[in-house]
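As a plain string of letters, each chain reads:
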Amino acid sequence: MIDFNIEELLKNMLTQDASDLHLISRTEPQVRVDGSLKPLDLPKLTGKDIEEICLSLITEKQKEVFKENSELDFALVIPQIGRFRVNYYRALGDICASFRTVLTEMPSLDDIDAPDIYKKLVRREKGLILVTGPTGSGKSTTLAAMLNEINLTENKHIITIEDPVEFIHKNKKSIFSHRGVGEDTKSFAIALKYAMRQDPDIILVGEMRDKETIEAALTAAETGHLVFGTLHTSSAPATINRIIDAFNDSEQAQIRAMISTSLVAIIAQTLLPKIGGGRIAASEILITNYAISNLIREDKIHQIYSLMQIGQSNTGMQTQTQALIELLRDKDISSNTALRYANKVDEVLKVTQT
């Protein structure tokens, strides 16, 4: 057996400013720094090593859930070290674990260099605001900063529904009800259903992962609440299509109508390696207006991208390509990085070749 101290590993992770720690059998513990994995100078782990570490961190109830599902999400707080989002899973029969750092200091929109339009969006009284992107793209941090802005400026009741709860906001001007799926409620959809009886002003849905949750979020947005949600999509038009495709053909016309009236904005972001170290976000921003609403209602989603390309100074919108070009001009990222992460490589290629 390896003399293995998870607390020391997590401290090491924070010292290196790593976002994630991976424990996988037959390899050394590895951390993700600036988006890239880096093995630690430690012996390779066996499945038995990882099992002893992982099971020591969870309750008997959590052990039963993991035994039944072979998957487990939970939040871990270690005093004097930090807060982590943890996932256990199995690979080739062995337990594996991923630990993600959760910031304990609440980020502000200024801290994350968010576009000015974000401060305008969080002042909306109702509607649906989606922050999308792949795993590790900073969605949770962006949403935490947006809710923090509301907390600092407005008297609201904010309900968050997450699996697990990540950022825990201190009540300032606003009050928070943080609800964890599996602990405080059975599912996102059920929590959303009963949230209507809890007098919320704002609802955060940690993940709109199924038809029932999406429909409940749209209904909440339609009935006078400001709803924040996430999906794992790479662009604004793809996000709209993903929502619509969750429903049967016979339901899609009604869902398009609901989206057209309730959608406020979609922020599709990607975290890119920055020249000189660190990472920086490239954000595609769609702001719903009369023209966008019509295209959604009329099932002309493919035309939305063209509208996003024009009149940004008036609309606050930008495509991912435009975000990448700005980062290139500011010398924040390299041309290779821009091309590697681009949704539309041909558009970026024209700029990098001029």
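See above for the structure.
Residues numbered from 1 in each chain as written. Predicted model: local features only at pLDDT ≥ 70, side-chain atom pairs only at ≥ 80, totals over all residues. Heavy atoms only, no water.

Colleague: Give me the sheet that holds strand β6 (residues 94-102): which residues, what numbers.
Modeller: Spatial strand order, β3-β2-β1-β6-β5-β4: six strands in an open sheet with antiparallel pairing. Two strands lie at the open edges of the sheet, namely β3 (36-39) and β4 (71-78), each paired on one side alone. Between one strand and the next, the sheet's axes are offset by a mean angle of 25°, whatever the strand orientation. Sheet topology places strand β1 (residues 20-23) next to β6; four bridges connect them, and they run antiparallel. By the bridge assignment for β6, Leu 23 is matched with Ala 97. Each of β1, β2 (30-33), β4, β5 (82-91) and β6 is contacted by helix α1 (residues 6-15), which is oriented at about 140° to β1, the strand it contacts most. The strands touched by helix α2 (residues 47-55) are β1, β5 and β6; relative to β6, the strand with the most contacts, the crossing angle is about 50°. (Pairing = 2+ DSSP bridges. Helix = DSSP H or I, 4+ residues; strand = E, 2+ residues; numbered from the N terminus. Axes fitted to C-alpha atoms, helices over the stretch in contact; angles between N-to-C directions. Contact = heavy atoms within 4.5 Å.)

Colleague: So what about the sheet that holds strand β11 (residues 226-231)? Which residues, and what values?
Modeller: What the seven strands build is an open sheet, ordered β9-β8-β10-β11-β7-β12-β13; its pairing is mixed. Strands at the two margins of the open sheet, each flanked by one partner only, are β9 (175-180) and β13 (279-287). Averaged over all neighbouring strand pairs, the angle between strand axes comes to 15°, with direction disregarded. As paired strands, strand β10 (residues 202-205) and β11 are joined by four bridges and run parallel to one another. Residue Leu 204 lies in a different strand from β11, and its bridge partner there is Phe 228. Here helix α9 (residues 249-262) sits on the sheet and contacts β7 (127-132) and β12 (263-273); the angle it forms with β12, its principal contact strand, is near 80°.

Colleague: Which residues make up the environment of Gln 80, and what values go with them?
Modeller: With respect to the element layout, Gln 80 can be found in the loop between β4 and β5. Residue classification places Gln 80 among the exposed positions, given a relative accessible area of 81%. As for Gln 80 and Lys 11, which are separated by 69 residues in sequence, their C-alpha atoms are 9.6 Å apart. (Buried < 20%, exposed > 50% of the residue type's maximum accessible area, 1.4 Å probe, protein only.)

Colleague: Pulling in residues and values, what's your account of the pairing of strand β8 (residues 157-162)?
Modeller: For β8, a buried count of six out of six residues is recorded, marking the element as mostly surrounded by other parts of the structure. Of the two faces of β8, both are covered, the one formed by His 157, Ile 159 and Ile 161 as well as the one formed by Ile 158, Thr 160 and Glu 162. Taken together, the six bridges between β8 and β9 define a ladder with parallel strand orientation. Of the residues in β9, the one forming a bridge with Glu 162 is Gly 180. Here β8 runs beside β10; their pairing, made up of four bridges, is parallel.

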